[in-house]
Each structure stands twice: as structure tokens, then as C-alpha cells.
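Now for the letters of each chain:
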Amino acid sequence: MTAAATRTRTAPADGATPPAQPPEGTPPTAARTRHRAWDEVPRWQIYLPLGVYLVFTLVPFYWIFLFAVRPAGSTSLLPWPMTTEHFEKVWTERSFGVFFQNSLLIGVAVLISTTVVALAGGYALARFDFRIKKGFMLALLCSQFVPGALLLVPLFQIFAELKMINSIGSVILAETVFQLPLSMILISGFIRNVPPSLEEAAWVDGCNRFRAFLIVVLPLLRPGLVAVGSFAFVHAWNHFLFALMFLSSQSKQTIPVGLNTLMGADSVDLGALAAGGVIAAVPVVIVFAFIQKWLVTGFSAGAVKG
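Residues numbered from 1 in each chain as written. Predicted model: local features only at pLDDT ≥ 70, side-chain atom pairs only at ≥ 80, totals over all residues. Heavy atoms only, no water.

An unreviewed UniProt entry lists the chain under the name Transporter, with Streptomyces hydrogenans given as the organism.

As C-alpha cells, this is what we get:
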């Protein structure tokens, strides 16, 4: 058989993709071994670490749910029979209904105020150049290393002078101030990803800067606004220190402070504490589910529009 016939027989058909060849100098056995090492990983090597992580994550949640729905004095490891006596106790007798309303009011107010102020500040940082811009950004970053406990005394004195002690507004103001630095940095990063040429095109069409921002930039910032607002809400919902220090009357306390009141010096009502924990966790779970959905869809929409 001639060499031409051999080449004709081994040539691929028209339109067919020739098989991938290993680099020159690589033995065929080594190439096949490397292919199996990457593409044929045993399933158990993937599922075992994920299963261990899932157990460590879900067992505490199951345990708190078990104590919340299990009758007092029961030692069953299954939530049956189920009871709502612990939820009724903390919601009515322990005033968790009032605590829930106060926490919700503070969380929504912090969400709105943080998002609006961070949006204005982030736009200024992203679109304008001024003399102290680098120093201001450095100050924002350094403020994240200062714990809130160090500022309790000066904040308390300031709110006392303003007659805002035992006022929900003091907690809202303090939470907003502590959320602003990181929120402004995040929003400015999202605004920098929006090309300035889009705003300039709106200016040519007759829009002023504010209207161009509302029409062109703001719709593309949906992922950033959702992330900043949601994290501000969750932080305000879970924060314990400011509510404890600035709110003295029980009718204005929040859920974290209410959970602390369930732990006595000599005994702890585990059923009531678990029920209060479930009540405190439900809004956070809903908010994070909301974050996941809107972050994905918002990023996709922004990429298409951009």
C-alpha cells in the first residue's frame, strides 16, 4: 500500500472535526491519564465534603426548630407531636409582637436612608474628581476597622444633648452612619462600571445630569441597590448593641434585646428562646432569598442593557 493511500484512508471526512492531538513529545499514555484525572473524578470525592458541610450547616437550624415546636419536657429527636405554645408565649407574654414591629421599623428605615445617602455619595465618588478624594476614600475604608463599642459613650452624649435617648430615631441614625462607608464604596464601584458615554448621550438629548442619572444609570444599579439595602436591613435587624444602649423602655426594644431577656440568671427557657430565634430568623431568610433572586436577574438585565 502506498503512502498516498494511507494518507487518504486516515484523513477525516469533509466537515468533521479532527480528533484532538496531545502536544508533541507527550506520550499517549500520559495524555490519557491526565484526561481521566481531571474529567473522571469519583463522585464520592465531591459529595462527601458537600455532605459534611451541609450537616454542619443544617443541624443547628434543625435543633432550634426542634426545641421551638417540641412540647416542654419532651426529649424526642423528631418534631412530633408539634406544638405552638412556645410561639404563643413569646409573641404575647414576652412582647415579641412589639419587638418585631420595632425591629421591622428600624430595618426598613435604615434600608431607605442608607440606600439614598450611599447612592448620592457613591455617585460623587465615581463621577467627580476633587482634591481630598483619595483621603476621603481612605477614611471610609479605615472607619470599617473601628468597632461600634468604642463610640458608644460619645454617641450617647450626642443623643442625650439632642434629647433622642429612648427614641427609635437614635438607633436608626446610628445604624445608618455605621452602614454608610461600606455602602458608598460598593455603590461607587457599581457606578464606575456604567460607561459615562451613556449619560453623555442623554445630555445631548436634552436631559440634565439628575434626569440622565434617573433614566440611564439608576436602572443599571439595581444589583448594587439590592445588595446594599438588603445588607443594611439585615445588619440593623440583628444588631444588639445600639438598641440595648439607646432604648430603655420595653415598648421600644428590638428582637435581639428581647432574646436576651429570655435568658435568666439561674435558668433559660429553651423552648421560648428557640421560638424567638425562629421568629428572628424568618425575615433574614426571606431577605437573603430576595437577594439571591434579584442579584442574578439584575446582573443579567444590566449586562444586556449595558
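Alright, that's what it looks like, and here's the rest.
Chemist: Account for the pattern of salt bridges, naming residues and giving values.
Modeler: Following the criterion strictly, the structure yields two salt bridges and no others. For arginine 127, the salt bridge goes to glutamate 199, with nearest N and O atoms at 2.6 Å. Highlighted residues: arginine 127 in helix α5 (residues 96-127) and glutamate 199 in helix α9 (residues 196-204), separated in sequence by 72 residues. Taken as a pair, arginine 127 and glutamate 199 share a single burial class, namely buried. Linking aspartate 129 and lysine 133 is a salt bridge whose minimum nitrogen-to-oxygen distance equals 3.4 Å. (Salt bridge = Lys/Arg side-chain N within 4 Å of Asp/Glu carboxyl O. Helix = DSSP H or I, 4+ residues; strand = E, 2+ residues; numbered from the N terminus. Buried < 20%, exposed > 50% of the residue type's maximum accessible area, 1.4 Å probe, protein only.)

Chemist: Lay out the packing of helix α6 (residues 133-143) against helix α8 (residues 168-192) in plain terms, naming residues and giving numbers.
Modeler: Helix-helix packing is described using two parameters, namely the angle between the two axes and the distance between the axes. Two elements in contact, α6 and α8, have axes separated by 8 Å at closest approach and are oriented at 130°. It follows from the interaxial angle that α6 and α8 lie oblique. Every pair of crossing elements has a handedness; the one defined by α6 and α8 is left-handed. The segment α6 lies against α8, with Phe136, Met137, Leu140, Leu141 and Ser143 engaging Pro181, Met184, Ile185 and Arg192. Of the residues contributing to the contact of α6 with α8, the split by class is seven nonpolar, one polar and one charged. (Axes fitted to C-alpha atoms, helices over the stretch in contact; angles between N-to-C directions. Parallel < 35°, antiparallel > 145°, perpendicular 65-115°, else oblique. Left-handed = near helix turned anticlockwise from the far one by under 90°. Contact = heavy atoms within 4.5 Å. Nonpolar A, V, L, I, M, F, W, Y, C, P; charged D, E, K, R; others polar.)

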